[in-house]
Amino acid sequence: MGRRPIIAANWKMHKTHLEAIQAVQKLSYLLDAEDTERVEVVICPSFTSLRSVETLIDSDRLPFGLGAQNVHFEDEGAFTGEISPVMLAALKVRYVIVGHSERRELFGETDEIVNRKVRAVLAHGMRPILCVGETLSERDAGLTEEKVVGQIERDLQGVSAEQAAELVVAYEPVWAIGTGRNASPADAGETIGTIRRALAARYSTEVAEAVRIQYGGSVKPGNIRDFMAHPEIDGALVGGASLDPESFALIIKYR
């Protein structure tokens, strides 16, 4: 059996908890059992909506995984405004986005910080969605492979093969996030193949084949099918197009 595709909604800093409830309810009406059996669907709302969405998923037995957009690497402490992995695990969070380019670029997260977050997420029984990707200047300089392989190496320090097999990796070229531009399916697939080879070199072919690698960067209903047709691409991390339940449902139903 091949890798089950995983399509995750990253709502970023959008939606109040009431809007989040409405969006998840509407999405559930738009999908049928076949859709959610074929594709693992993950919703990553803001921190203020996590409890509301978790309660809705639980009470209505919705076939969605709950994800968080960020986490601190310590279990507790004097870190005003931060959210610990203990808090997320208590809310039945299954996935945590780690190392998103917006966190790296806007909030100064280094590979060392990303690595500590990856290990914290795994230590508490959740799965990281580890984001890697190059900037436009790095791409133009032919440094895409060097950048993403380096991120994989640094971000997975101290992560065992058994833990790595549980990872989801999201290849997100920084120049394609929120810009309306996207990598071609062939380019995205080639870089994802590079990431998979880096995982094989670091761990084993078996681990590399187990890891699901998503593409993220201006994914829309109009281009998802082309991305998913590439054998290396195992899903998508969707930003803006996931805010509208109808648009996101079309992405999930990409066949």
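Whatever comes next refers back to the structure up there.
These figures come from a predicted structure and were not determined experimentally.

*Asks:* Help me out: how do you make sense of the pattern of salt bridges in this one?
*Replies:* Note that side chains of opposite charge can pair when their charged atoms are close. Taken as a whole and assessed by the stated rule, the structure comprises 23 salt bridges. Residue Lys-253 pairs with Asp-35 through a salt bridge whose shortest N-O separation is 2.6 Å. Separated by 218 residues along the polypeptide, Lys-253 in the segment after helix 13 (245–252) and Asp-35 in helix 2 (residues 33–38) bring together distant segments of the chain. Of the residues examined, Lys-253 reaches a relative accessible area of 29% and is grouped as partly exposed. Among the charged side chains, a salt-bridge network with shared partners connects Arg-3, Arg-196, Glu-209, Glu-232 and Asp-234.

*Asks:* Just to check I follow, could you spell out helix 10 (residues 185–202) for this structure?
*Replies:* Turn by turn, an α-helix covers 3.6 residues, leaving residues three or four places apart pointing in a common direction. Helix length check: helix 10 (18 residues) gives 25 Å between terminal C-alpha atoms against 26 Å at 1.5 Å per residue, within 8%. Among the residues of helix 10, Ala-188, Gly-189, Thr-191, Ile-192, Gly-193, Thr-194, Ile-195, Arg-196, Ala-198 and Leu-199 are the ones counted as buried. Buried residues belonging to helix 10 abut strand 5 (127–132), helix 8 (144–155), strand 6 (168–171), helix 11 (205–210), strand 7 (212–215) and helix 12 (224–228).

*Asks:* What is the right way to look at helix 8 in this model?
*Replies:* Look at helix 8: 16 Å from first C-alpha to last across twelve residues, which is about the 16 Å you get at 1.5 Å a residue. Residues of helix 8 that are buried include every one of Thr-144, Val-148, Gly-150, Gln-151, Ile-152 and Asp-155, and no others. In the core, the buried residues of helix 8 are packed alongside helix 5 (101–107), helix 6 (111–123), strand 5, helix 7 (136–140), strand 6 and helix 10.

*Asks:* I'm lost on the pairing of strand 4 (residues 95–98) in this one. Help?
*Replies:* Working note: regular strand, side chains alternate between the two faces of the sheet. Because side chains alternate across strand 4, one face comprises the buried residues Tyr-95 and Ile-97, and the other comprises Val-96 and Val-98, equally buried. The sheet contact formed by strand 3 (residues 64–68) and strand 4 spans two bridges and is parallel. Bridge assignment links Gly-67 to a residue of strand 4, and that residue is Tyr-95. For the crossover that starts at strand 3, traverses helix 4 (residues 85–90) and ends in the parallel strand 4, the hand is right-handed.

*Asks:* When you look at the packing of helix 8 against helix 10 in this model, what are you seeing that I'm missing?
*Replies:* When two helices pack together, their arrangement is captured by the angle between the axes and the distance separating the axes. Running from N to C, helix 8 and helix 10 point in directions that differ by 40°, and their axes come no closer than 10 Å. Judged by the angle between their axes, helix 8 and helix 10 are oblique. By crossing handedness, the relation of helix 8 to helix 10 is classed as right-handed. Along its contact with helix 8, which presents Thr-144, Glu-145, Val-148, Val-149, Ile-152 and Glu-153, the element helix 10 presents Thr-191, Thr-194, Ile-195, Ala-198, Leu-199 and Arg-202.

*Asks:* Looking at this structure, I do not really get the packing of helix 6 against helix 8. What am I missing?
*Replies:* Between helix 6 and helix 8, whose axes approach to 8 Å, the crossing angle comes to 50°. Classed by the angle they form, the pair helix 6 and helix 8 counts as oblique. Within the contact between the two elements, helix 6 uses Asp-111, Val-114, Asn-115 and Val-118 and helix 8 uses Gln-151, Arg-154 and Asp-155.

*Asks:* I'm lost on the pairing of strand 2 (residues 40–44) in this one. Help?
*Replies:* Of all the five residues making up strand 2, five are buried; the element is thus mostly covered by neighbouring parts of the structure. Burial of the side chains of strand 2 extends over both faces: Glu-40, Val-42 and Cys-44 are buried on one face and Val-41 and Ile-43 on the other. Two elements, strand 1 (residues 6–10) and strand 2, share five bridges in a ladder whose sense is parallel. Looking at strand 2, one finds that Ile-6 is bridged to Glu-40. Across three bridges, the pairing between strand 2 and strand 3 is parallel. If you follow Val-42 over to strand 3, its bridge partner there is Gly-65. In this region the chain leaves strand 2, passes through helix 3 (residues 47–59) and returns to the parallel neighbour strand 3; the handedness of that crossover is right-handed.

*Asks:* When you look at unusual backbone geometry in this model, what are you seeing that I'm missing?
*Replies:* Outside of glycine, negative phi angles account for most residues, and trans bonds account for most peptide bonds. Even without being glycine, Lys-12 reaches a positive phi, approximately 50°. Relative to the elements of secondary structure, Lys-12 occurs in the loop between strand 1 and helix 1 (17–30). A positive phi is found at Lys-15, a non-glycine position, where the angle reads about 80°. Structurally, Lys-15 can be placed in the loop between strand 1 and helix 1.

*Asks:* In this structure, what is going on with the packing of aromatic side chains? I would like to understand it.
*Replies:* Scanning all chains against the criterion turns up two aromatic pairs. Measuring from ring centre to ring centre gives 6.3 Å for Tyr-171 and Tyr-215, while their planes differ by 55°; the resulting arrangement is tilted. A residue pair is termed long-range when its members are at least 10 positions apart, and Tyr-171 in strand 6 and Tyr-215 in strand 7 qualify at 44 residues. Look at Tyr-171 and you get buried, because its relative accessible area is 1%. Each ring, one from Tyr-215 and one from Phe-227, has its centre 4.4 Å from the other, and the planes form 15°; the classification is stacked.

Scoring rules and cut-offs
- The residue numbers shown here count from 1 along each chain, following its written sequence.
- The model is predicted, so local features are restricted to residues of pLDDT at least 70 and side-chain atom pairs to those at 80 or more, both for listing and for counting; the totals for chains, interfaces and linings are taken over all residues.
- Side-chain numbers come from the whole structure's heavy atoms, not from hydrogens or water.
- The salt bridge criterion pairs a side-chain nitrogen of Lys or Arg with a carboxyl oxygen of Asp or Glu, the two atoms within 4 Å.
- In DSSP terms, a helix is any run of H or I states spanning at least four residues, a strand is any run of E spanning at least two, and both are numbered starting from the N terminus.
- Relative accessibility decides the category of a residue: with a 1.4 Å probe and only protein chains considered, values under 20% of the type maximum give buried, values over 50% give exposed, and everything between is partly exposed.
- In this analysis, the expected span of each helix is defined as 1.5 Å times one less than the number of residues it contains.
- The contact rule is simple, with two residues in contact once any of their heavy atoms fall within 4.5 Å.
- At least two DSSP bridges between two strands are required for those strands to pair.
- For a crossover, the right-handed case is the one in which the path from the first strand over the helix to the second runs clockwise, viewed with the strands pointing away from the viewer.
- Every angle, taken between N-to-C directions, lies between 0 and 180 degrees, and every axis is a line fitted to C-alpha atoms, over only the stretch in contact when it is a helix.
- Small angles under 35 degrees read as roughly parallel and large ones over 145 as roughly antiparallel, with 65 to 115 read as roughly perpendicular and the rest as oblique.
- Handedness of a helix crossing follows the sense of rotation of the near helix relative to the far helix, less than a right angle counterclockwise being left-handed and clockwise being right-handed.
- Under the pairing criterion, centres of Phe, Tyr and Trp rings, with the six-membered ring standing for Trp, must be within 6.5 Å; the plane angle then separates stacked pairs below 30 degrees from edge-to-face pairs above 60, leaving the rest tilted.

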